[in-house]
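Coordinates in review
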Amino acid sequence: MSPRTPGAELPEHPDWLWRTPEPKRSYDVVIVGGGGHGLATAHYLAKNHGITNVAVLEKGWLAGGNMARNTTIIRSNYLWDESAGIYEHALKLWEGLADELDYPILFSQRGVLNLAHSLQDVRDSVRRVEANRLNGVDAEWLDAEGVREVCPIVNTSPDVRYPVLGGTYQPRAGIAKHDHVAWGLARSADAAGIDIIQNCEVTGLDVVGNQVVGVQTNLGPIAAGKVALCSAGHTSVLAAMAGIELPLQSHPLQALVSELLEPVHPTVVMSNAVHVYVSQAHKGELVMGAGIDAYNSYTQRGAFHIIEEQMAAALELFPVFARAHVLRTWGGIVDVSPDASPIVGLSPVQNLYLNCGWGTGGFKATPGVGWVYAHTIAHDAPHPLNAPFSLDRFTTGALVDEHGAAAVAH
């Protein structure tokens, strides 16, 4: 990487991005959740299907949930065909999203390294590389020397507790600026005439017979021809309002950033054995994350020992970071399904749609799931890419089991 001043390429934003409308009494489609998935769905409802009588309801501030509380990693190198399909579709959309939105999202294709520390890691990693290639996903197996060439600051000494035997590498993967993504999508949806309504909490779903007809909110009732849920860790709470029990558990997922540093980390590095992933953000801070907290919770914070363990793990791989200072930590609420894959499609209630269960992989899917979810809503039938992720797979047994299949699943 060439020397630069951290934050130098961050663009200025216009003073005004979207309207602040009062909610109408009825819409063709009500999207519950104003994060990345909800905004992407609204964008593609308008762009791909010409559906603009739409409201996006957000109980807090726009994109203030998991969209503001993730580590912005984007990749598509998942093991199973179904997962690779939807994530690769998303990655291809990411590659043109700034032009599509006419808005800078700072998508940086700096690559993602998944490290292998044991012979079993090597076998699993090579298997995944071959599966990726069969699915048209760019993937490479690198030995320890190859890892060092891509990321010279990784400790590849053989005399460490977790020696680096190699790693998988996806060159097209990378990061984007999460708030820019949200603002660009919101600006596009608003320009199409879609209402984005903040501080509007859904307190109930109106179901007549077996059909949803509207929502109850703190701003009053809103009738709807169709209701689309995409509220991450709280989707199970909303679905329960319609009598649907979803197979989800909600957990805190924590991350942290360091103080601003000069450019030192050229890619994204992930390790399952020491369980940490590290990148360097556009402004210069190191971004680190690890696994979910073990307990169920809806609080947007977690336990300190998780942060302590992920910092220790980072130092196993990057001794150069030993004197870096933690600037801030945060937590999001992730919804995890039994097979660690999402639920995207129809629900048992007519005209009520589900987008949930993304666990720790929601951000990278943003444009891809917006595309297929909008298709599902518009046609009342799943897109081929999200058809495998239907709710009924938990009764048919056609699971898409990504548990542990793709190293740290973030």
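Residues numbered from 1 in each chain as written. Predicted model: local features only at pLDDT ≥ 70, side-chain atom pairs only at ≥ 80, totals over all residues. Heavy atoms only, no water.

With an unreviewed UniProt entry as reference, the chain is termed Sarcosine oxidase subunit beta, source organism Streptomyces aquilus. Its UniProt record, at the heading Sequence similarities (unreviewed entry), says of the chain: "Belongs to the SoxB family." Entered under Subcellular location (unreviewed entry) in the UniProt record, the comment concerning the chain runs "Cytoplasm". (UniProt positions renumbered as here; feature names shortened; annotations may be inferred.)

Turning next to a nonpolar patch on the surface. Nonpolar side chains collect at one region of the surface, where Val237, Met241 and Tyr298 lie side by side and expose about 250 Å² of accessible area between them. Structurally, Val237 is set in helix α6 (residues 235–240). (Patch = residues over 30% accessible without salt bridge, like charges linked within 9 Å, V, L, I, M, F, W, Y side chains within 5 Å. Areas by Shrake-Rupley, 256 points an atom, 1.4 Å probe, with all protein chains shown as cover. Salt bridge = Lys/Arg side-chain N within 4 Å of Asp/Glu carboxyl O. Helix = DSSP H or I, 4+ residues; strand = E, 2+ residues; numbered from the N terminus.)

Quick look at the nonpolar core now. Counting 50 residues, the largest nonpolar core has Ile31, Leu39, Trp94 and Val181 as its most contacted members. Looking at this core, the elements with two or more residues in it are β1 (26–32), α1 (36–49), β2 (54–57), α2 (81–101), α5 (178–191) and α8 (366–379). Broken down by element, this core gets its largest block of residues, eight residues, from α2. Those residues in contact with Ile31 that sit more than four places away from it in its chain are Gly38, Thr41, Ala42, Leu45, Val54, Ala55, Val56, Leu57, Ala228 and Cys230. Ile197, Leu205, Val215 and Leu229 belong to the second largest nonpolar core, which has 27 residues in total. (Core = buried A, V, L, I, M, F, W, Y, C linked by side-chain atoms within 4.5 Å. Buried < 20%, exposed > 50% of the residue type's maximum accessible area, 1.4 Å probe, protein only. Contact = heavy atoms within 4.5 Å.)

Take Arg148: it is sitting in helix α4 (residues 144–150). One polar contact links Arg148 to Glu145, side chain to side chain, over a distance of 2.2 Å. (Polar contact = N/O pair within 3.5 Å; in protein donor to acceptor, adjacent residues only side chain to side chain.)

Moving on to the UniProt feature "domain: Rhodanese" (unreviewed entry) in the chain. Here, the residues flagged by UniProt with the feature "domain: Rhodanese" (unreviewed entry) are residues 29–73. Annotation note: span residues 29–73, helix share 31%, strand share 20%, distance between end C-alpha atoms 30 Å.

So, about α5. Between the first and last C-alpha of α5 there are 20 Å, a value that for 14 residues agrees with the 20 Å anticipated at 1.5 Å per step. Within the span of α5, buried status applies to His178, His180, Val181, Ala182, Gly184, Leu185, Ala186, Ala189 and Asp190. Those residues of α5 that are buried lie in contact with α1, α2, β8 (195–197) and α8. The positive-phi residue at the C-terminal boundary of α5 is Gly193, with phi of around 100°. (Expected span 1.5 Å × (residues − 1).)

Summed over the entire model, instances satisfying the criterion amount to 10 salt bridges. Note that Asp195 is salt-bridged to Arg19, the shortest N-O span being 3.1 Å. Linking Asp195 in strand β8 with Arg19 in the segment before β1, this pair joins segments that are 176 residues apart in sequence. You can call Arg19 partly exposed: its relative accessible area is 29%. Taking the shortest distance from any N to any O, the salt bridge between Arg133 and Glu130 comes out at 3.7 Å. With a gap of three residues between them, Arg133 and Glu130 both fall in helix α3 (residues 119–134), about one helical turn apart. Judged by relative accessible area, which is 41%, Glu130 ranks as partly exposed.

Quick look at the sheet that holds strand β6 (residues 166–170) now. Taken in spatial order, the eight strands of this open sheet run β5-β6-β4-β13-β14-β15-β12-β16, and their pairing is mixed. For this open sheet the edge positions go to β5 (140–143) and β16 (326–336), each flanked by a neighbour on one side alone. Sheet twist, expressed as the average angle between the axes of neighbouring strands with direction ignored, equals 20°. (Pairing = 2+ DSSP bridges. Axes fitted to C-alpha atoms, helices over the stretch in contact; angles between N-to-C directions.)

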